[in-house]
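Analysis of the macromolecular model
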Amino acid sequence: MSELDIHQLLDLVNTRQVEPGDERVRAITARIVGDLFQTIDEFDVNPDEFWAATKWLTRLGQADMIGLITAGLGFDRLLDIREDEADRAARRALGTPRAIEGPLYIAGAPLHQHEVKLDEGNEGKGQPLVMEGRVLDVHGNPVANALVDVWHCNELGRYSHFDPDQPDYNLRRRIQTNAEGAYRFRSFLPPGYAIPPNSPVSELFSLLGRHGNRPAHVHFLVSGAGKRALTTQINIPGDTFLDDDFAFATRDGLVVALEPVQSAAGYESLGVDRPFTRVRFDFRLQDALSEDEATPASRYDRAA
Ligand code: DHB
Ligand code: FE
(Lines give C-alpha, C1' and ligand atoms only; values in the text may rest on other atoms or scores of the structure.)
(Ligands and ions follow the chains in the order given, each with its own letter.)
Protein backbone atom coordinates (compact mmCIF):
# COMPACT_ATOMS: atom_id res chain seq x y z
CA MET A 1 0.00 0.00 0.00
CA SER A 2 2.87 2.40 -0.64
CA GLU A 3 1.41 3.90 -3.82
CA LEU A 4 -1.73 5.94 -3.23
CA ASP A 5 -4.01 8.10 -5.29
CA ILE A 6 -5.77 11.09 -3.72
CA HIS A 7 -8.88 9.14 -2.80
CA GLN A 8 -6.98 6.29 -1.22
CA LEU A 9 -4.89 8.79 0.76
CA LEU A 10 -7.98 10.64 2.01
CA ASP A 11 -9.59 7.38 2.96
CA LEU A 12 -6.52 6.38 4.96
CA VAL A 13 -6.31 9.75 6.72
CA ASN A 14 -9.95 9.54 7.71
CA THR A 15 -10.08 5.91 8.79
CA ARG A 16 -6.82 5.39 10.73
CA GLN A 17 -7.74 4.70 14.34
CA VAL A 18 -6.12 2.86 17.28
CA GLU A 19 -8.57 4.01 19.96
CA PRO A 20 -12.14 5.35 19.91
CA GLY A 21 -11.23 9.06 19.99
CA ASP A 22 -14.16 11.46 19.70
CA GLU A 23 -16.81 10.57 17.12
CA ARG A 24 -17.81 14.17 16.42
CA VAL A 25 -14.26 15.48 16.12
CA ARG A 26 -13.43 12.56 13.79
CA ALA A 27 -16.44 13.27 11.58
CA ILE A 28 -15.92 17.04 11.35
CA THR A 29 -12.18 16.68 10.76
CA ALA A 30 -12.83 14.16 7.99
CA ARG A 31 -15.22 16.57 6.28
CA ILE A 32 -12.86 19.56 6.51
CA VAL A 33 -9.81 17.59 5.35
CA GLY A 34 -11.81 16.13 2.48
CA ASP A 35 -13.01 19.60 1.44
CA LEU A 36 -9.44 20.93 1.54
CA PHE A 37 -8.08 18.02 -0.49
CA GLN A 38 -10.74 18.78 -3.06
CA THR A 39 -9.96 22.51 -3.05
CA ILE A 40 -6.24 21.88 -3.54
CA ASP A 41 -6.99 19.49 -6.37
CA GLU A 42 -9.61 21.62 -8.15
CA PHE A 43 -7.61 24.86 -7.92
CA ASP A 44 -4.30 23.12 -8.60
CA VAL A 45 -2.80 24.67 -5.45
CA ASN A 46 0.98 24.33 -5.71
CA PRO A 47 3.34 23.59 -2.78
CA ASP A 48 4.52 27.22 -2.49
CA GLU A 49 0.92 28.40 -2.20
CA PHE A 50 0.10 25.72 0.36
CA TRP A 51 3.10 26.53 2.58
CA ALA A 52 2.49 30.28 2.23
CA ALA A 53 -1.01 29.64 3.58
CA THR A 54 0.31 27.70 6.57
CA LYS A 55 2.82 30.50 7.29
CA TRP A 56 -0.04 33.02 7.15
CA LEU A 57 -2.09 30.93 9.59
CA THR A 58 0.93 30.74 11.91
CA ARG A 59 1.35 34.52 11.84
CA LEU A 60 -2.38 34.98 12.38
CA GLY A 61 -2.22 32.83 15.52
CA GLN A 62 1.00 34.41 16.78
CA ALA A 63 -0.64 37.85 16.47
CA ASP A 64 -3.66 36.50 18.41
CA MET A 65 -5.84 37.50 15.47
CA ILE A 66 -7.77 34.32 14.69
CA GLY A 67 -10.76 35.87 16.45
CA LEU A 68 -10.43 38.89 14.14
CA ILE A 69 -10.75 36.98 10.89
CA THR A 70 -13.92 35.05 11.72
CA ALA A 71 -16.28 38.04 11.70
CA GLY A 72 -15.09 39.26 8.29
CA LEU A 73 -15.63 35.81 6.80
CA GLY A 74 -19.17 35.70 8.15
CA PHE A 75 -18.79 33.05 10.83
CA ASP A 76 -19.83 35.25 13.77
CA ARG A 77 -23.05 36.29 12.05
CA LEU A 78 -23.63 32.70 10.89
CA LEU A 79 -23.65 31.56 14.51
CA ASP A 80 -26.18 34.29 15.40
CA ILE A 81 -28.41 33.33 12.45
CA ARG A 82 -28.36 29.74 13.67
CA GLU A 83 -29.23 30.80 17.25
CA ASP A 84 -32.11 32.87 15.87
CA GLU A 85 -33.33 29.85 13.92
CA ALA A 86 -33.08 27.66 17.02
CA ASP A 87 -35.17 30.21 18.95
CA ARG A 88 -37.85 30.22 16.25
CA ALA A 89 -37.88 26.42 16.04
CA ALA A 90 -38.31 26.19 19.82
CA ARG A 91 -40.98 28.92 19.69
CA ARG A 92 -39.15 30.93 22.31
CA ALA A 93 -40.36 34.47 22.99
CA LEU A 94 -37.83 36.77 21.36
CA GLY A 95 -36.13 39.73 23.01
CA THR A 96 -33.83 42.40 21.60
CA PRO A 97 -32.03 40.95 18.56
CA ARG A 98 -28.61 39.51 19.30
CA ALA A 99 -25.54 40.84 17.52
CA ILE A 100 -21.99 39.52 17.42
CA GLU A 101 -19.67 39.96 20.40
CA GLY A 102 -16.66 40.65 18.23
CA PRO A 103 -13.12 39.84 19.35
CA LEU A 104 -12.63 42.85 21.60
CA TYR A 105 -14.65 42.21 24.78
CA ILE A 106 -12.85 42.21 28.14
CA ALA A 107 -14.58 40.88 31.26
CA GLY A 108 -14.45 42.54 34.66
CA ALA A 109 -15.07 46.20 33.78
CA PRO A 110 -15.66 48.57 36.74
CA LEU A 111 -19.17 48.18 38.20
CA HIS A 112 -21.48 51.15 38.93
CA GLN A 113 -25.03 51.54 40.21
CA HIS A 114 -27.68 52.87 37.79
CA GLU A 115 -25.48 55.33 35.88
CA VAL A 116 -21.89 56.02 34.88
CA LYS A 117 -19.62 58.39 33.00
CA LEU A 118 -18.39 55.77 30.55
CA ASP A 119 -16.16 58.36 28.88
CA GLU A 120 -14.33 59.35 32.09
CA GLY A 121 -10.82 60.37 31.05
CA ASN A 122 -11.95 61.01 27.45
CA GLU A 123 -13.75 64.32 28.01
CA GLY A 124 -14.10 66.51 24.94
CA LYS A 125 -13.21 63.64 22.58
CA GLY A 126 -16.41 63.65 20.51
CA GLN A 127 -20.03 64.64 20.31
CA PRO A 128 -21.51 64.12 23.80
CA LEU A 129 -23.95 61.23 24.11
CA VAL A 130 -26.31 60.06 26.80
CA MET A 131 -27.81 56.63 26.37
CA GLU A 132 -30.57 55.57 28.71
CA GLY A 133 -33.34 53.07 29.05
CA ARG A 134 -34.46 50.01 30.92
CA VAL A 135 -33.77 46.32 30.96
CA LEU A 136 -37.08 44.48 30.54
CA ASP A 137 -38.22 40.91 30.21
CA VAL A 138 -40.18 39.71 27.16
CA HIS A 139 -43.43 40.75 28.85
CA GLY A 140 -42.21 44.30 29.41
CA ASN A 141 -41.56 43.93 33.15
CA PRO A 142 -38.44 45.67 34.45
CA VAL A 143 -35.44 43.57 35.45
CA ALA A 144 -34.07 45.09 38.66
CA ASN A 145 -30.34 44.69 39.37
CA ALA A 146 -29.63 43.65 35.78
CA LEU A 147 -26.09 44.14 34.52
CA VAL A 148 -25.43 46.25 31.44
CA ASP A 149 -21.82 45.65 30.38
CA VAL A 150 -20.98 48.27 27.75
CA TRP A 151 -17.87 48.88 25.63
CA HIS A 152 -16.94 50.91 22.57
CA CYS A 153 -13.87 52.16 20.73
CA ASN A 154 -12.09 55.45 21.35
CA GLU A 155 -12.10 58.49 19.05
CA LEU A 156 -9.52 56.75 16.84
CA GLY A 157 -11.59 53.59 16.44
CA ARG A 158 -9.42 51.52 18.80
CA TYR A 159 -10.40 49.42 21.81
CA SER A 160 -8.70 49.58 25.21
CA HIS A 161 -6.70 46.51 26.28
CA PHE A 162 -5.85 45.80 22.61
CA ASP A 163 -4.47 49.33 22.19
CA PRO A 164 -1.39 49.95 24.39
CA ASP A 165 -2.09 53.71 24.33
CA GLN A 166 -5.27 53.48 26.44
CA PRO A 167 -5.64 52.95 30.20
CA ASP A 168 -7.11 49.66 31.45
CA TYR A 169 -10.88 49.45 30.96
CA ASN A 170 -11.03 52.76 29.09
CA LEU A 171 -14.59 53.02 27.64
CA ARG A 172 -15.62 49.77 29.34
CA ARG A 173 -18.05 49.75 32.29
CA ARG A 174 -20.75 47.62 33.90
CA ILE A 175 -23.92 49.31 35.10
CA GLN A 176 -26.34 47.65 37.52
CA THR A 177 -29.93 48.70 36.89
CA ASN A 178 -32.09 50.10 39.68
CA ALA A 179 -35.43 48.73 40.92
CA GLU A 180 -37.14 50.02 37.75
CA GLY A 181 -34.59 48.26 35.57
CA ALA A 182 -33.17 51.64 34.52
CA TYR A 183 -29.63 52.40 33.41
CA ARG A 184 -27.96 55.41 31.84
CA PHE A 185 -24.50 56.53 30.84
CA ARG A 186 -22.69 59.46 29.34
CA SER A 187 -20.13 58.99 26.60
CA PHE A 188 -19.41 60.29 23.11
CA LEU A 189 -20.59 59.07 19.73
CA PRO A 190 -17.84 56.64 18.72
CA PRO A 191 -16.49 56.52 15.17
CA GLY A 192 -16.43 53.35 13.08
CA TYR A 193 -13.79 50.67 13.39
CA ALA A 194 -11.27 49.36 10.87
CA ILE A 195 -9.23 46.15 11.01
CA PRO A 196 -5.58 46.70 11.98
CA PRO A 197 -3.47 47.77 8.97
CA ASN A 198 -0.27 45.84 8.13
CA SER A 199 -1.58 42.70 9.82
CA PRO A 200 -2.27 39.15 8.63
CA VAL A 201 -5.95 40.16 8.69
CA SER A 202 -5.50 43.18 6.39
CA GLU A 203 -3.31 41.08 4.05
CA LEU A 204 -6.18 38.67 3.43
CA PHE A 205 -8.78 41.41 3.00
CA SER A 206 -6.66 43.25 0.46
CA LEU A 207 -6.17 40.00 -1.50
CA LEU A 208 -9.95 39.56 -1.38
CA GLY A 209 -10.40 43.14 -2.60
CA ARG A 210 -12.48 43.92 0.49
CA HIS A 211 -12.47 46.74 3.01
CA GLY A 212 -12.33 46.03 6.72
CA ASN A 213 -14.63 48.74 8.09
CA ARG A 214 -17.42 48.52 10.61
CA PRO A 215 -19.98 51.30 11.04
CA ALA A 216 -20.08 53.16 14.37
CA HIS A 217 -21.45 50.90 17.10
CA VAL A 218 -21.61 50.32 20.86
CA HIS A 219 -21.40 46.82 22.34
CA PHE A 220 -23.48 45.35 25.17
CA LEU A 221 -23.62 42.19 27.24
CA VAL A 222 -26.85 42.45 29.25
CA SER A 223 -27.86 39.96 31.93
CA GLY A 224 -30.22 39.60 34.88
CA ALA A 225 -31.45 36.95 37.31
CA GLY A 226 -33.25 34.16 35.44
CA LYS A 227 -32.83 35.94 32.11
CA ARG A 228 -30.85 34.82 29.09
CA ALA A 229 -27.66 36.86 28.78
CA LEU A 230 -27.84 38.98 25.62
CA THR A 231 -24.84 39.98 23.52
CA THR A 232 -25.77 42.80 21.20
CA GLN A 233 -24.78 46.15 19.70
CA ILE A 234 -26.47 49.37 18.77
CA ASN A 235 -25.60 51.12 15.53
CA ILE A 236 -25.47 54.84 15.03
CA PRO A 237 -27.49 55.98 12.01
CA GLY A 238 -25.93 57.90 9.15
CA ASP A 239 -22.69 55.94 9.00
CA THR A 240 -21.37 55.23 5.47
CA PHE A 241 -20.78 51.60 6.38
CA LEU A 242 -24.15 50.94 8.01
CA ASP A 243 -25.23 48.72 5.13
CA ASP A 244 -21.71 47.61 4.27
CA ASP A 245 -20.35 46.29 7.59
CA PHE A 246 -17.31 44.07 6.95
CA ALA A 247 -18.52 41.88 9.84
CA PHE A 248 -22.12 41.61 8.50
CA ALA A 249 -23.34 42.38 12.04
CA THR A 250 -25.78 45.29 11.72
CA ARG A 251 -29.47 44.56 12.22
CA ASP A 252 -32.59 46.63 11.62
CA GLY A 253 -33.86 46.66 15.20
CA LEU A 254 -30.53 47.90 16.48
CA VAL A 255 -30.08 51.14 14.54
CA VAL A 256 -31.05 53.70 17.17
CA ALA A 257 -32.61 57.14 16.80
CA LEU A 258 -30.47 60.14 17.79
CA GLU A 259 -32.31 62.94 19.61
CA PRO A 260 -30.65 66.34 19.93
CA VAL A 261 -31.20 67.66 23.47
CA GLN A 262 -30.51 71.33 24.24
CA SER A 263 -30.87 71.39 28.02
CA ALA A 264 -28.83 69.29 30.40
CA ALA A 265 -31.53 69.55 33.10
CA GLY A 266 -31.97 66.19 34.77
CA TYR A 267 -28.56 64.98 33.65
CA GLU A 268 -26.41 66.98 36.11
CA SER A 269 -25.20 63.86 37.92
CA LEU A 270 -23.67 62.68 34.65
CA GLY A 271 -21.75 65.95 34.36
CA VAL A 272 -23.52 66.93 31.14
CA ASP A 273 -23.33 70.69 30.67
CA ARG A 274 -23.96 71.35 26.98
CA PRO A 275 -26.32 70.21 24.24
CA PHE A 276 -25.96 66.48 23.71
CA THR A 277 -27.32 63.59 21.71
CA ARG A 278 -29.71 61.27 23.51
CA VAL A 279 -30.36 57.65 22.65
CA ARG A 280 -33.22 55.91 24.40
CA PHE A 281 -33.09 52.15 24.20
CA ASP A 282 -34.70 49.36 26.23
CA PHE A 283 -33.15 45.91 26.23
CA ARG A 284 -35.56 42.97 26.29
CA LEU A 285 -34.16 39.75 27.72
CA GLN A 286 -35.51 36.28 27.03
CA ASP A 287 -36.18 33.92 29.92
CA ALA A 288 -33.19 31.69 30.61
CA LEU A 289 -33.70 27.95 30.30
CA SER A 290 -30.56 27.14 32.26
CA GLU A 291 -27.98 28.63 34.61
CA ASP A 292 -25.55 28.62 31.67
CA GLU A 293 -27.86 30.73 29.51
CA ALA A 294 -28.20 33.27 32.31
CA THR A 295 -24.45 33.60 32.91
CA PRO A 296 -22.89 36.65 31.27
CA ALA A 297 -19.64 35.39 29.75
CA SER A 298 -17.44 36.09 26.77
CA ARG A 299 -17.53 33.69 23.87
CA TYR A 300 -14.15 32.25 24.88
CA ASP A 301 -15.10 31.85 28.56
CA ARG A 302 -18.32 30.16 27.47
CA ALA A 303 -16.41 27.77 25.24
CA ALA A 304 -13.83 26.90 27.90
C1 DHB B 1 -14.35 43.07 14.75
C2 DHB B 1 -14.17 44.27 15.40
C3 DHB B 1 -15.19 44.87 16.09
O4 DHB B 1 -15.09 46.05 16.76
C5 DHB B 1 -16.41 44.27 16.13
O6 DHB B 1 -17.37 44.89 16.81
C7 DHB B 1 -16.61 43.07 15.47
C8 DHB B 1 -15.58 42.47 14.78
C9 DHB B 1 -13.25 42.39 14.02
O10 DHB B 1 -12.17 42.99 13.90
O11 DHB B 1 -13.41 41.26 13.59
FE1 FE C 1 -16.71 46.58 17.92
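Here we summarise the structure given alongside this text. Predicted, not measured: the structure shown is a model, and the values here were computed from it. (Residues numbered from 1 in each chain as written. Chains lettered and ligands numbered in written order. Predicted model: local features only at pLDDT ≥ 70, side-chain atom pairs only at ≥ 80, totals over all residues.)

Secondary structure summary: the protein chain contains eight helices and 13 strands in total. Projected onto the principal axes, the alpha-carbon positions of the protein chain cover approximately 85 × 40 × 30 Å. Looking at the protein chain as a whole, 30% of its 304 residues are labelled buried. Of the contacts made within the protein chain by residues no fewer than 6 positions apart, 74% connect residues no fewer than 24 positions apart. (Helix = DSSP H or I, 4+ residues; strand = E, 2+ residues; numbered from the N terminus. Buried ≥ 20, exposed ≤ 12 C-beta atoms within 10 Å, placed from the backbone. Contact = placed C-beta atoms within 7 Å.)

One open sheet holds the five strands; their spatial order is 1-5-4-9-10, and the pairing between them is mixed. What marks the edges here is a single partner per strand, and that holds for strand 1 (111-113) and strand 10 (230-235). Direction aside, the axes of adjacent strands within the sheet are offset by 25 degrees on average. (Pairing = 2+ DSSP bridges. Axes fitted to C-alpha atoms, helices over the stretch in contact; angles between N-to-C directions.)

With that out of the way, let us pick up the environment of leucine 258. Mapping leucine 258 onto the fold places it in the loop between strand 10 and strand 11 (259-261). Along the backbone, leucine 258 and arginine 280 are 22 residues apart, and their C-alpha atoms lie at a distance of 8.3 Å. In this view, leucine 258 contacts Pro237, Thr277 and Val279; residues no more than four positions away in its chain are not counted.

Glancing now at the nonpolar core. With 30 residues, the main nonpolar core has Val135, Val148, Val150 and Val222 as its most contacted residues. Broken down by secondary-structure element, the contributors of at least two residues to this core are strand 3 (128-137), strand 4 (147-151), strand 6 (182-188), strand 9 (217-223), strand 10 and strand 13 (283-285). Per-element tally for this core: the top contributor is strand 3, with five residues. If we ignore the near neighbours within four places in the chain, the residues touching valine 148 are Val135, Arg174, Ile175, Thr177, Tyr183, Phe220 and Val222. Residues Ala71, Ile100, Phe246 and Ala249 belong to the second largest nonpolar core, which totals six residues. (Core = buried A, V, L, I, M, F, W, Y, C linked by C-beta atoms within 7 Å.)

To continue, consider the pairing of strand 6. Summarising burial for strand 6: six of the seven residues are buried, a large majority. Inspection of the sheet shows strand 2 (residues 115-117) paired to strand 6 by three bridges, in the parallel sense. When the bridges of strand 6 are listed, glutamate 115 appears paired with arginine 184. Where strand 3 meets strand 6, seven bridges bridge the pair, whose relative direction is antiparallel. Looking across to strand 6, one finds that leucine 129 is bridged to serine 187.

That's the geometry; what it means functionally is another story.
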